[in-house]
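Below are the chains, spelled out letter by letter.
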Amino acid sequence: MAIVTTTRLREYLDQVKAGTAIDGALGRILERAESIVVDALGFTFFDDGVAWDDIDPTTKRIRSEPSRYLRLPPYRVGSITAIAVLSGTTITTTTVDAAACEETEEHFYLYRPDGWGGVRYAVTAQFGYGPAPASIVELILELAVNIWRQRDQGLFQAGQGVDSANNTVGGGFLKYVGGLNGDQRRIVANVRRRYVEAVH
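Note that the structure is predicted; figures quoted are calculated from it, not measured.

**Student:** What am I meant to see in the sheet that holds strand 6 (residues 109-111) here?
**Tutor:** Remark on secondary structure: sheet strands pair via backbone hydrogen bonds, oriented parallel or antiparallel. Pairing within the open sheet is antiparallel, and its 3 strands lie in the order 2-6-5. Every interior strand has two partners, whereas the edge strands, strand 2 (69-71) and strand 5 (102-103), have only one. Bridge count for strand 2 against strand 6 is 3 bridges, and the pairing is antiparallel. Residue pairing in the sheet places L70 in a bridge with L110 of strand 6.

**Student:** Looking at this model, I keep getting lost on the side chain of Q126. Mind explaining?
**Tutor:** Note that Q126 resides in the loop between strand 7 (120-125) and helix 3 (134-149). A distance of 2.8 Å separates a polar side-chain atom of Q126 from the backbone oxygen of W52. A distance of 2.8 Å separates a polar side-chain atom of Q126 from the backbone oxygen of I55. Look past the residues within four positions of Q126 in its chain and what remains in contact with it is W52, I55, D56, P57, Y75, R76 and S79.

**Student:** Just checking my understanding: could you explain the layout of surface pockets for this structure?
**Tutor:** The gaps left among the atoms become clear once a water-sized probe is rolled over them. Each pocket or cavity is described by its volume, and for the second largest pocket that value is around 190 Å³. Residue lining of the second largest pocket: 13 residues in total, with Y75, E105, F108, Y129 and Y195 positioned closest to the centre. The residue makeup of the lining of the second largest pocket, split by class, is 7 nonpolar, 2 polar and 4 charged.

**Student:** What exactly am I supposed to notice about the environment of G42 here?
**Tutor:** Positionally, G42 belongs in the loop between helix 2 (20-41) and strand 1 (58-63). Accessibility expressed as a relative area gives 59% for G42, which makes it exposed. The spatial distance from the C-alpha of G42 to the C-alpha of R192 is 8.1 Å, given a sequence separation of 150 residues.

**Student:** Which parts of the structure should I look at to understand the pattern of salt bridges?
**Tutor:** Proximity of charged atoms lets side chains of opposite charge pair with each other. Applying the stated rule across the entire model yields 4 salt bridges. Residue E11 is joined to R8 by a salt bridge in which the shortest nitrogen-to-oxygen separation is 4.0 Å. Of this pair, E11 and R8 are both found in helix 1 (residues 6-12), 3 residues apart, which corresponds to roughly one turn of the helix. When its relative accessible area of 55% is taken as the criterion, E11 is described as exposed. Overall, the relative accessible area of 27% leaves R8 in the partly exposed class. A salt bridge links D183 to R186, with the shortest nitrogen-to-oxygen separation between them at 2.3 Å. Placement of both D183 and R186 in helix 4 (residues 182-196) is noted, with a separation of 3 residues, approximately one turn of the helix.

**Student:** Please explain the nonpolar core as it appears in this structure.
**Tutor:** Soluble globular proteins tend to bury their nonpolar side chains together. In terms of nonpolar packing, the biggest core is built from 46 residues, with F45, L72, L110 and V123 touching the most fellow members. Within the residue set of this core, elements represented by two or more residues are helix 2, strand 3 (82-87), strand 7, helix 3 and helix 4. With sequence-adjacent residues up to four places away left out, L72 is seen in contact with I62, I80, F108, L110 and V123.

**Student:** Any chance you could explain the pairing of strand 3 here in plain terms?
**Tutor:** Here strand 3 pairs with strand 7 via 4 bridges, running antiparallel. Paired with A84 across the bridge in strand 7 is A122.

**Student:** Explanation requested: unusual backbone geometry in the structure shown.
**Tutor:** Where the residue is not glycine, phi is negative for most of them; where a peptide bond is considered, it is trans in most cases. For F108, which is not glycine, the phi dihedral falls at a positive 65 degrees. If you trace the backbone, F108 turns up in the loop between strand 5 and strand 6.

**Student:** Help me understand the side chain of Q184, please; the structure alone is not making it clear to me.
**Tutor:** Here Q184 is to be found in helix 4. We classify Q184 as buried; its relative accessible area is 3%. Within the structure, the side chain of Q184 is placed 2.5 Å from the side chain of E142, a separation counted as a polar contact. Sequence-distant contacts of Q184, defined by excluding residues within four places in its chain, comprise L139, E142, L143, N146 and G179.

**Student:** For this particular structure, what's the right way to read helix 2?
**Tutor:** Think of an α-helix as 3.6 residues a turn; residues three or four steps apart then line up on the same face. Over its 22 residues, helix 2 extends 31 Å from the first C-alpha to the last, a length consistent with the 32 Å expected when each residue adds 1.5 Å. Of all the positions in helix 2, only A25, L26, G27, I29, L30, A33, E34, I36, V37 and L41 are classed as buried. Buried residues belonging to helix 2 abut helix 1, helix 3 and helix 4.

Rules used in this analysis
- Residues numbered from 1 in each chain as written.
- Predicted model: local features only at pLDDT ≥ 70, side-chain atom pairs only at ≥ 80, totals over all residues.
- Heavy atoms only, no water.
- Pairing = 2+ DSSP bridges.
- Helix = DSSP H or I, 4+ residues; strand = E, 2+ residues; numbered from the N terminus.
- Polar contact = N/O pair within 3.5 Å; in protein donor to acceptor, adjacent residues only side chain to side chain.
- Contact = heavy atoms within 4.5 Å.
- 1 Å grid on protein atoms, 1.4 Å probe; cavity = no way out; pocket = protein on both sides within 12 Å on 5 of 7 lines; lining within 4 Å.
- Points joined across faces, edges and corners; volume = space filled by probe spheres on them.
- Nonpolar A, V, L, I, M, F, W, Y, C, P; charged D, E, K, R; others polar.
- Buried < 20%, exposed > 50% of the residue type's maximum accessible area, 1.4 Å probe, protein only.
- Salt bridge = Lys/Arg side-chain N within 4 Å of Asp/Glu carboxyl O.
- Core = buried A, V, L, I, M, F, W, Y, C linked by side-chain atoms within 4.5 Å.
- Expected span 1.5 Å × (residues − 1).

On their own, these measurements won't tell you what the molecule is for.
Listed below in structure tokens is the structure:
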């Protein structure tokens, strides 16, 4: 499975012939495009068609800092069902009321006015980064389309230069289109900031 399917890619390449061999080539191109985006993000989202409702809650062991904020792994906001203090490897009966804690929407911090005390907790929730935002899906599709269209040119695109000083046509040039350009890197950075960079 993948964040984006070949069926979605074909919506952008409707002129491409059908066939098993073509689908295989499109699938490999999608894998490459997704790999570029996931490598830039540093994490991945759910596969296409997987929703939060398909994810079972699990329990993770988390060490707190002597702070009012507990940093959690990525999880579904609102899905915490239990927080218990750990004693060694044993989950104790000492619990924290999750409803009394404030969840942040983006950076997976849990605020508790009384603080977390620097001890370890067992937290039960739906963990994961969730479905991919539309901007990431579109970015993967855009990269895949670029790779498909430039595949016979070694991912280089020919262009003609312009001498802006004299307003005349200059020499030709080749531009590599196989990676992320500046605008695409900004999209990745904005998404990444929402998920992995703290604000406090």
